[in-house]
Amino acid sequence: MKVLFLFLLSLLQGLAACGLREEDFRFCGDRNQTQESSAVFQHGPAAISIENTAQALIIKKPFLPSRRNSYYEYRLPPALGRYRFCIFWFESNRSLQLVYGKQSIPLGGGTASSIPWGQESQKTERTRANIFNVSYIIKGGKNTSLDAKDEYFFNASALSMPVWEQDVQQQLGALDSLIAQPLAAAPGHREQQRLRRTLGELERMLAKVELEGQKQTFGEATVHATVLRVQPSRAPQPLTYAPQREESGEVQGFTVDLPSSLFMVVKDREEVAEHRVLVMDINRQTMFQDENSSHVLGDKVVSISLVDTVVANLSEPVVLTFFHDQLPRNVTPLCVFWQEDGSGSSGSWDSSGCTTVTGSSQTQCRCNHLTYFAVLMVSSPDITSVHRNYLSIISYVGCLISALASICTIFFLYFRSKQRDQITSMRIHMNLLAAIFLLDITFLLSEHLAASSSEAICTAGGLFLHFSLLSCLTWMGIEGYNLYRLVIEVFNAYHDHFLLKLCLVGWGLPIFCVVTILLASWTNYGPVSIPIYESIDGRTVNATICWITSPLVHNSVNLGFFSLVFLFNSVMLGAMVREILRQNKKGHKLKHVLALLGLSILLGIPWALIFFSFTSGVFCLVSLYIFTIINSLQGFLIFLWYWTMVLQARKGPDSQSSSDSAKLQPSSS
C-alpha cells in the first residue's frame, strides 16, 4: 500500500512540475531529512549527478563558463521526516526542476542565493546518506529502479551534453571555411549537400546552446546566427528583430517581423517553457545554387525558424524586409524560398506562399511559412514571356529557312562558271553562306544538346556554336576587305593563293579563339540558362542552351570582335556609296539600291541592332524584333538578293548602265 501511495505521489508531482509537458528525463527517490537542510545546484562535469548528505541534496550539471564559479542554494522545508523528491530535465529549454515534497524549485533561478565560489559553507563536513526507492526514466524508455546509495551519476550516453558558445563558434568557423572554398562541378551537387548538412548541424546546436539573456548572436565572416528567447504568454505579442545595418554591400540590412499568431499556433500544440526563434544571415549563395544558376540579391539568404516546430499556412504573414540600393530598370525582385528536392540531390527557389512588395530602396517579403528566404533577381521584366516566345518562334523558323536557302545558294554559285576574279568573289560568298549555315544549324541544336545529361556534349555544342558565330563575323569582315580590293584598291588584281589565305583567316582565326578560351578554362563552355519573366503570376521559366558560361568572355570576345568588323565594314560600305554616287549620272537607281541592300546584309550591318538591346522599353523591344527577323533570315535574304540581281542583269540594260553597274553584279560584289 505504501509503495502504491509513493507511486501515485510521484505521478502527481510529475504533473505538478511539468503540466502538459513531457520531461526528457526524470529521477525520483526518498530522502530522510534528519536536520534542517538545503538543495544545492552547482557546476559539474557530467550531464546530471545527484548526491545526498544529511546537510544538503546536491545536484550538479554543467554551467555556462561565466557561471561556473557560482552555485545556487535553496532552503528545503524545515519539517523533519521522509520526503519524496523528483528531478525533471527538459531538453527543449535545457532546464532542471526539483520537486521536493510539495515544493517546486526551478534550478538555476527562482528565489535562490547565488554564492561566489569560496564563500559558500562547503567547508562544513557533510555526512553522506542513502537515497531510497530510487527510479529513473529517459524519454522513450522504461522506468528503471536502482539500488539505494548516496550518489547517482548519469553521463552523456543517457542524456545529451550541453552545447556551449565556443561549440557554436567552432561550427560556424568550419561552415565559413567550407563556404569560402570554390565549388567543384561535381554531379549530384555533393558539395552543396555537404554544406547543407553542416548548416543543419549548426541549427541543431543553436537549438540547444546555453544562452545568457534573451538574445545572443554568434557571428563569423559569412554566416551570422541569432537565437531569440520568447517567454510563453496567454496573449503573445508580435516579435521584431532588426540586426545592425551593414555599411557596404548590395544589401545594407534586413528586419524580421513575426506575427503573434505564430506563437499562438505553437501554444495550441503544446505547452512549452519558452520559444526559441533562430535567425541566420548567410552572405553567400554557395549552398543554395539551383540548376538554373539563379542570382539572389546581394548573395544574401535569411533563414527564420522556430525550434522543433514546422510552421506553415499562417493566418498572418511573416514580414521580411531587405534594404538595398536602387535596382536597375531591367531587374525585378521576386521573394522566394528554398525548396529541397525530394531526391535530396539539389533544390530550387520557389515563390509559393510569398508576396513581393517592392520599393525604391527596399523589398518586402510577406510569407505564410518559415524557411530560407531570399530575393531573386529576375532580369528583363520589360520583355514578357509572350514576346520571348514570339522571338523564339521567329528565330527557329528563320534559322531553318536561312539554312536551306544558304545551301541552295552555295550549290548554285559552285556550278556557275565565271572569270578568275569573279570566281574568287563567289568563293568568298560561299564561305560566308557556309558559316551562316553552320550558325543556323548549331543554334537549332543547342537547346536539345543542353537537355542531354552529358556535360561533355553540351561543352562541345557551346564551343561549336561560338566557333560558327566567330566564323560568320570573320567572313563578313572578309567580304568588306574583298569590297575594298575590288572597288578602291586595283581592279582585277591578282594575288598568289589569295583564296587559300582568306580561308586560313576565315576559319583559322575562330578556331584559335575558341581553343584558347577552352584551354583557359574547361567550364567556359556549357549550359547557360536564360530567365524568362512571366508578369502574370510571377513564375520564372528558364530556357537553357549550350553557350559561353562566362559573361566576361562573351562581352569581350563577341561584342569586341563584332565592333571591329562593323566599324571596318561600315567604312567599306561608305566607300561603295561614294563610288555609286560618282558613277550614277543617268538615274538608274533601282539596281544600285538593291546592290546596297545586299551589300549591307553581306557585310553584317544589321547585326549592329544588337547594341540597342541594352536600352529598355518599347525601343528595345522593337529593335530586338527587327534584329531577330533580319539576322535569323540572313541566308535567305542573301538568296533573294542574289536572284534579284541575276534577274535584273538578264533584262539587258543599256551599255552605259551596264558599265556603271558592272562592279555591283552578284558575282563581283
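Look up a bit, the structure's there.
Summary of the structure given here. Here the residue numbers are simple positions, counted from 1 along each chain's written sequence. For a predicted model such as this one, the threshold for reporting local features is a pLDDT of at least 70, and the threshold for listing and counting side-chain atom pairs is 80 or more; totals across whole chains, interfaces and linings nevertheless cover every residue. Side-chain metrics in this entry use all non-hydrogen atoms of the structure; hydrogen atoms and water are not considered.

**Examining unusual backbone geometry**
Reasoning step 1: Look at N133: it is not a glycine, yet its phi comes out positive at around 50 degrees.
Reasoning step 2: Tracing the backbone through its elements, the reader meets N133 in strand β10 (residues 132-138).
Reasoning step 3: Look at D299: it is not a glycine, yet its phi comes out positive at around 55 degrees.
Reasoning step 4: What counts as a helix is a DSSP run of H or I of at least four residues, what counts as a strand is a run of E of at least two, and both are numbered from the N terminus. Within the secondary structure layout, D299 lies in the loop between β17 (275-282) and β18 (301-306).

**Here we look at the state of the cysteines**
Reasoning step 1: The definition used for a disulfide is geometric: two cysteine sulfur atoms within 2.5 Å. Within the structure shown, the criterion is met by four disulfides.
Reasoning step 2: Here C28 connects covalently by a disulfide to C86, the sulfurs 1.9 Å from one another. Negative torsions about the S-S bond denote left-handed disulfides, and the value of about 110 degrees found for C28 with C86 makes this one right-handed. In this pair, C28 sits in strand β1 (residues 25-33) while C86 sits in strand β6 (residues 81-90), placing the two residues 58 residues apart along the sequence.

**Notes on the sheet that holds strand β15 (residues 239-241)**
Reasoning step 1: An order of β15-β16-β19-β23-β22 is seen for the five strands of this open sheet, with the pairing classed as antiparallel. Because the sheet does not close on itself, it has two edges, and the strands there are β15 and β22 (354-358). Mean inter-strand twist for the sheet, computed between neighbouring axes without regard to direction, equals 15 degrees.
Reasoning step 2: Bridge count for strand β19 (residues 318-324) against strand β23 (residues 362-367) is six bridges, and the pairing is antiparallel. If you follow L320 over to β23, its bridge partner there is C365. The pairing criterion for strands is at least two bridges between them, as found by DSSP. For every element, the axis is a line fit to its C-alpha atoms; helices are fit only across the contacting stretch, and the angle between N-to-C directions ranges from 0 to 180 degrees.

**What about the pattern of salt bridges?**
Reasoning step 1: By definition, a salt bridge exists where a carboxyl oxygen of Asp or Glu is found within 4 Å of a side-chain nitrogen of Lys or Arg. Per the stated rule, a full pass over the model turns up eight salt bridges.
Reasoning step 2: For D30, the salt bridge goes to R82, with nearest N and O atoms at 3.8 Å. Taken together, the positions of D30 in strand β1 and R82 in strand β6 put the pair 52 residues apart, joining distant regions of the chain.
Reasoning step 3: For D150, the salt bridge goes to R128, with nearest N and O atoms at 3.5 Å. Placement of the pair is D150 in the loop between β11 (144-146) and β12 (151-154) and R128 in the loop between β9 (113-116) and β10, with a sequence separation of 22 residues.
Reasoning step 4: Classification of R128 by relative accessible area gives partly exposed; the value is 46%.
Reasoning step 5: The network of salt bridges with common partners includes E51, R128, D150 and E151. Only protein chains enter the area calculation, which uses a 1.4 Å probe; residues under 20% of their type maximum are buried, those over 50% are exposed, and those in between are partly exposed.

**Looking at the pairing of β17**
Reasoning step 1: For β17, the buried fraction is high: eight of the eight residues fall into the buried class.
Reasoning step 2: Side chains of β17 alternate between two faces, with H275, V277, V279 and D281 and R276, L278, M280 and I282 buried alike.
Reasoning step 3: Direction of pairing for strand β14 (residues 223-230) relative to β17: antiparallel, over a ladder of eight bridges. For H224, the partnering residue across the bridge sits in β17 and is D281.
Reasoning step 4: Here β17 runs beside β18; their pairing, made up of six bridges, is antiparallel.

**Focus on a nonpolar patch on the surface**
Reasoning step 1: Patch definition: residues with relative accessible area over 30% and no salt bridge; like charges joined within 9 Å; nonpolar side chains (Val, Leu, Ile, Met, Phe, Trp, Tyr) joined within 5 Å. Calculation of accessible area relied on Shrake-Rupley with a 1.4 Å probe; when residues are assessed, cover is drawn exclusively from the protein chains displayed. On the surface, V386, Y390, I393, V397 and I401 cluster together into a nonpolar patch covering about 440 Å² of accessible area.
Reasoning step 2: Relative to the elements of secondary structure, Y390 occurs in helix α5 (residues 385-415).

**What about the nonpolar core?**
Reasoning step 1: Among the buried residues, those of types Ala, Val, Leu, Ile, Met, Phe, Trp, Tyr and Cys that are joined through side-chain atoms within 4.5 Å form a nonpolar core. Formed by 51 residues in total, the largest nonpolar core has its most connected members in L432, C472, W475 and W607.
Reasoning step 2: When residues of this core are traced back to their parent elements, those giving at least two are α5, α6 (420-450), α7 (455-489), α8 (498-520), β26 (540-548), α9 (551-583), α10 (589-602) and α12 (634-649).
Reasoning step 3: The greatest single-element share of this core, amounting to 12 residues, is contributed by α7.
Reasoning step 4: In this view, C472 contacts L432, A435, I436, L439, W607 and Q634; residues no more than four positions away in its chain are not counted.
Reasoning step 5: Counting residues in hydrophobic clusters, the runner-up holds 34 residues, among them L178, I179, L206 and W349. Note on definitions: a residue-residue contact is assigned when non-hydrogen atoms from the two residues lie within 4.5 Å.

**Section: helix α11 (residues 618-632)**
Reasoning step 1: The span expected for a helix works out to 1.5 Å for each residue beyond the first. End to end, α11 covers 21 Å across 15 residues, agreeing with the expected 21 Å (1.5 Å per residue, within 8%).
Reasoning step 2: If you check which residues of α11 are buried, you get C620, L621, S623, L624, Y625, F627, T628, N631 and S632.

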